[in-house]
Amino acid sequence: MDSVAAIPKYNLNEEQEKKLILREYRALLRVLKPKLKPGDKELLRRAFEIAADAHKTMRRKSGEPYILHPLAVARIGVEEIGLGVRSTICSLLHDTVEDTDVTLEDIEREFGTEIARIVDGLTKISNIIDVNASAQAENFKKILLTLTDDPRVILIKLADRLHNMRTLDSMKREKQLKISSETVYVYAPLSHRMGLYTIKTELEDLAMKYLEPEAYKEIARKLAETKRERSRYINEFIKPIKEKLDRTGYEFEIYGRPKSIHSIWNKMKKKGVAFEEVYDLFAIRVILNIPLEQEKEGCWKVYSVITDEYTPSPERLRDWLSNPKSNGYEALHTTVMGPQGKWVEVQVRTRRMNEIAEKGLAAHWKYKEGTADESRFDKWFQQIREVLNNQDSDSIDFLHDFKTSFLAEEIYVYTPKGDVKMLPVDSTALDFAFAIHSMVGSQCIGAKINHKLVPISHKLRSGDQVEIITSAKQKPNEDWLNIVVTAKAKSKIKDALKEEKRKVADDGKYVLQRKLENMGAAFNQHNVDILASFYKLPSPLDLYYQISVKALDLKELSEFHVLGDKLEPPKPIRPEIKHDPAHALPKKDAELIIFGESSDKIVYTLANCCKPIPGDDVFGFVSTGKGLTIHRTNCPNAARLLANYGHRVVKTKWAKNKEISFLTGLKIVGLDDVGVIHKITNLISGEMKININAMTIEAREGLFHGNIRVYVHDKEELDELVNRLKKLPGIETVDRYDTEQQ
Ligand code: MN
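This report concerns the structure included in the present document.

**Considering the packing of helix H10 (residues 152-166) against helix H12 (residues 197-211)**
Okay, so step 1: Contact pair H10 / H12: the axes reach a minimum separation of 10 Å and the direction vectors enclose 35°. Viewed along their axes, H10 and H12 form a crossing whose handedness is left-handed. Counted together, Arg-161, Leu-162, Met-165 and Arg-166 of H10 and Ile-199, Glu-202, Leu-203, Leu-206, Ala-207 and Tyr-210 of H12 form the full contact between these two elements.
Okay, so step 2: In the contact of H10 with H12, the residues fall into seven nonpolar, no polar and three charged.

The structure is reproduced here in structure tokens:
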């Protein structure tokens, strides 16, 4: 893994560079050796030569010769994903068509259609026709289209992304933000979905390193500090189990491994706890080497040995042996009470399962032969294909829909007959109904979950048994689009709404036809188009619909001229959609920030979602109609914005300015004690002379929860306030909050 990252840096002379490149190429051949068949070596050599020649004048940002990148991508593919010879050829060529004079035809001539098709899939669409579509989303859609034909495209793409993330240091800050955001938004979930857990974890950690550098460093430091203590504990935990497992005669490995920085950070944020309070900083893993037919029995035997020693938490047993995840993941997870009263997660799997967990799709195929398991990936691809086929929404919607319905974690729910359905997390009863059948979905009026009646918007949880209640009178409405998360339900609802609209529009069409004929004009495409564009409606269907629901009375029609049977619009007067100029401009006056290299004053607004204040790590985002908005880089919306609209991001930093105050919120939790409010307000407005804008305190069960909104000048002042608040007696936590509604 690290050998790829540790490529010696530039300032080499030409001779040394050549040697380095050749060395990397030979290293690639070495790892590929077990897979080489006669003739392969020549093909690889040819691909290497073509790529090396095509990129020969190019350098990466770090200064090193470009060809080292495709070589590294190829090696990641072989070593970390388990790809073979043909994929390696594609990895070597992956950037040639996009960046050099090599054409797809050249590649097809040299290597045949199969390889040319994959390389085509890896080539970004550079000239997007629709300016509103995000290039990232369009390209992603393209990758997915190819994915369903040949998943190797996505696997190589992930290797490419991983290498780019590993070498992100030499990029500019805004590029780092954009690429890291795309990575957390799309590529990490995608690698998770492909079953590549190791790669997913590394991608997330690397992205966090750039998006939240401070938190990253802090957790890394604390992990290092507590390492020895942790190892001691792990040994103590493992010892008795190891002895007992030895007696079973199984061949096994047992070890503890730390959880990723990103997952620890997520836990801290989700539960609102400090590093010290995250109990599962590591997990124990038992890997059995056992024949396929004894796997299940063996894993449960291990489970029983562990739980004889330590008491398990009944809510935390995850049986992915009987119900593998749809990305192929199989294992048994349990959480037990270890020494010193600490909860410890234990994961039990076999060697085969472990390889699938690490190499995902590629390993899955290796084991698929000879087993009865029909590929889960095939099923997944089938679902994606279905959605891609009836897609007319724009690509950003698509990316979002794709993410929520195909990349999310999954839950298992049951039909009344006990069949399992897998749905993305946050699915509702209505999603379930559409998963059963689109008819059931369209007529859904409610559901019974575990025999209890719930509304269609009810969110499902793993293990729920769901019975859908339908009515022939029911039909989909606009609101339903906000209730569902699955792409299938969404597209079916949209279809139904369109159908409904078409029916309504029929009346309007008839009305229009009569009116036109009465004034001697023909009811034809030309005249209808003239009218639709006169009223600024996107299609004739919308025109008919507006007429039918009486939103349009056609009174302007009398001002039209009729020439022959053709309509002529009246000259200048047109109904205009009113623009409210006040709306288009930022409301507040500008404060000072520095932009790029210049120090011009620029008009901007502060994003409502994350309320940045001076000193925060921020980026500027150009939004249509609103000008420039400033977000914090750790804003909950940042990843989505940066990933989808990277081209609209501008580098932004704060200038010193003590004159302006910024509103920010603090959440304070502490012991409910007389005088605590006085202490807080005294510190804020008395000692620190900070203005309080609003304050609510709620006490329950001996604790109080306070929300305070204060005006501060910059992050320094805020940090000082937080630190001093924390030191007050009885105060447990003080956190800044991001969103308005809290
Ligand atoms: Mn590349």
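Moving on from the model shown.
**Some details on the sheet that holds strand E9 (residues 444-449)**
Okay, so step 1: Read across the open sheet, the three strands follow the order E10-E9-E11; overall the sheet is antiparallel. Of all strands in the sheet, those with a lone pairing partner are strand E10 (452-454) and strand E11 (466-470), marking the two edges. Adjacent strand axes in the sheet meet at a mean angle of 30° when their direction is disregarded.
Okay, so step 2: Relative to E11, E9 runs antiparallel, the two sharing five bridges. Pairing of Cys-444 across the sheet is with Thr-470, part of E11.
Okay, so step 3: Its contacts with the sheet put helix H20 (residues 429-436) on E9 and E11, and the angle it makes with E11 is roughly 85°.

**Points about unusual backbone geometry**
When glycine is set aside, most residues are seen to have a negative phi, and most peptide bonds are trans.
Okay, so step 1: A positive phi is found at Asn-450, a non-glycine position, where the angle reads about 45°.
Okay, so step 2: Structurally, the position occupied by Asn-450 is in the loop between E9 and E10.
Okay, so step 3: According to the relative accessible area criterion, Asn-450 is partly exposed, its value standing at 43%.
Okay, so step 4: The backbone phi angle of Lys-689 is positive, close to 55°, even though this residue is not glycine.
Okay, so step 5: When you line up the elements, Lys-689 lands in the loop between helix H28 (676-687) and strand E20 (691-700).
Okay, so step 6: The exposure class of Lys-689 is exposed, given its relative accessible area of 65%.

**Here we look at the environment of Val-78**
Okay, so step 1: Relative to the helices and strands, Val-78 resides in helix H4 (residues 68-81).
Okay, so step 2: Along the chain, Val-78 and Ser-91 lie 13 residues apart, while their C-alpha atoms are 9.9 Å from each other.

**Points about helix H14 (residues 227-248)**
Okay, so step 1: Compared with an ideal rise of 1.5 Å per residue, which puts 22 residues at 32 Å, H14 spans 31 Å between its outermost C-alpha atoms and is within 8% of the ideal.
Okay, so step 2: Along H14, the helix axis deviates most sharply at Ile-238, where the bend reaches about 35°; the proline Pro-240 sits within four residues downstream.
Okay, so step 3: Listed as buried for H14 are Arg-230, Tyr-233, Ile-234, Phe-237, Ile-238, Ile-241 and Leu-245.
Okay, so step 4: Each element contacted by the buried residues of H14 is listed here: helix H13 (213-225), strand E1 (251-258), strand E2 (282-289), helix H16 (295-309), strand E5 (332-337) and strand E6 (343-350).
Okay, so step 5: Where H14 ends, the next residue or the one after it, Gly-249, has phi of about 85°, a positive value.

**Overview of the nonpolar core**
Grouped burial of nonpolar side chains is what soluble globular proteins tend to show.
Okay, so step 1: Formed by 74 residues in total, the largest nonpolar core has its most connected members in Leu-44, Leu-71, Ile-89, Leu-92, Leu-93, Ile-107 and Phe-111.
Okay, so step 2: For this core, the element with the most residues is H10, which contributes eight residues.
Okay, so step 3: Among the domains, domain 1 (3-211) and domain 4 (581-654) are the pair contributing at least three residues each to this core.
Okay, so step 4: Beyond its immediate chain neighbours, meaning those up to four positions away, Ile-107 contacts Leu-93, Thr-96, Val-97, Val-102, Gly-112, Ile-115, Ala-116 and Val-119.
Okay, so step 5: Counting residues in hydrophobic clusters, the runner-up holds 38 residues, among them Ile-219, Met-268, Phe-275 and Val-344.

**Here's the deal with the coordination of the manganese ion**
Okay, so step 1: Within the protein, the atoms that donate to the manganese ion are His-69 (NE2), His-94 (NE2), Asp-95 (OD) and Asp-160 (OD), at distances of 2.2 to 2.4 Å.
Okay, so step 2: Sequence spacing among the residues donating to the manganese ion works out to H-x24-H-D-x64-D. Here His-69, found in helix H4, pairs with Asp-95, found in the loop between helix H5 (85-93) and helix H6 (96-99); they are 26 residues apart in sequence, far enough to count as distant.

**Observations concerning the environment of Arg-60**
Okay, so step 1: Residue placement: Arg-60 occurs in the loop between helix H3 (40-54) and H4.
Okay, so step 2: For Arg-60, a relative accessible area of 14% gives the class buried.
Okay, so step 3: Sequence-wise, Arg-60 and Ser-170 are 110 residues apart; in three dimensions their C-alpha atoms are separated by 8.9 Å.
Okay, so step 4: In this structure Arg-60 touches Pro-65, Tyr-66, His-69, His-163, Asn-164 and Thr-167, once residues within four positions along its chain are discounted.
Okay, so step 5: A polar contact is formed between the side chain of Arg-60 and the side chain of Asn-164, at a distance of 2.9 Å.

Reading the values: rules and limits
Sequence order as written defines residue numbering, which begins from 1 separately in each chain. The predicted origin of the model limits local features to residues at a pLDDT of at least 70 and limits the giving and counting of side-chain atom pairs to 80 or more, whereas totals for whole chains, interfaces and linings rest on all residues. Excluded from the side-chain calculations are hydrogens and water; all other atoms, namely the structure's heavy atoms, are used. As a rule, the C-alpha atoms of each element are fitted with a line to give its axis, helices using only the stretch in contact, and angles between N-to-C directions run from 0 to 180 degrees. Under the scheme used here, helices are H or I runs from DSSP no shorter than 4 residues and strands are E runs no shorter than 2 residues, and both carry numbers assigned from the N terminus. By convention the crossing between two helices is left-handed if the near helix lies anticlockwise of the far one by an angle smaller than a right angle, and right-handed if it lies clockwise. Contact definition: two residues touch when any of their heavy atoms are within 4.5 Å. Any residue outside Ala, Val, Leu, Ile, Met, Phe, Trp, Tyr, Cys, Pro, Asp, Glu, Lys and Arg is labelled polar, Gly included; the first ten of those are nonpolar and the last four are charged. At least two bridges found by DSSP between two strands are what make those strands a pair. Buried, partly exposed and exposed residues are distinguished by accessible area as a fraction of the type maximum, computed with a 1.4 Å probe on protein chains only: under 20%, between the cut-offs, and over 50%, respectively. Residue count minus one, scaled by 1.5 Å, sets the expected span of a helix. The angle between axes fitted to the seven residues ending at a residue and the seven residues starting there is what we call the bend at that residue. In plain words, nonpolar cores are sets of buried Ala, Val, Leu, Ile, Met, Phe, Trp, Tyr and Cys residues tied together by side-chain atoms within 4.5 Å. Delimitation of the domains relies on an automatic or database domain assignment. Counted as donors are the N, O and S atoms within 2.8 Å of the metal, or 3.2 Å for Na, K and Ca, while water is not among the atoms, so some sites may look incomplete. Think of a polar contact as two N or O atoms within 3.5 Å of one another; within protein, one of them needs to be a possible hydrogen donor and the other a possible acceptor, and neighboring residues in sequence only count if both atoms come from side chains.

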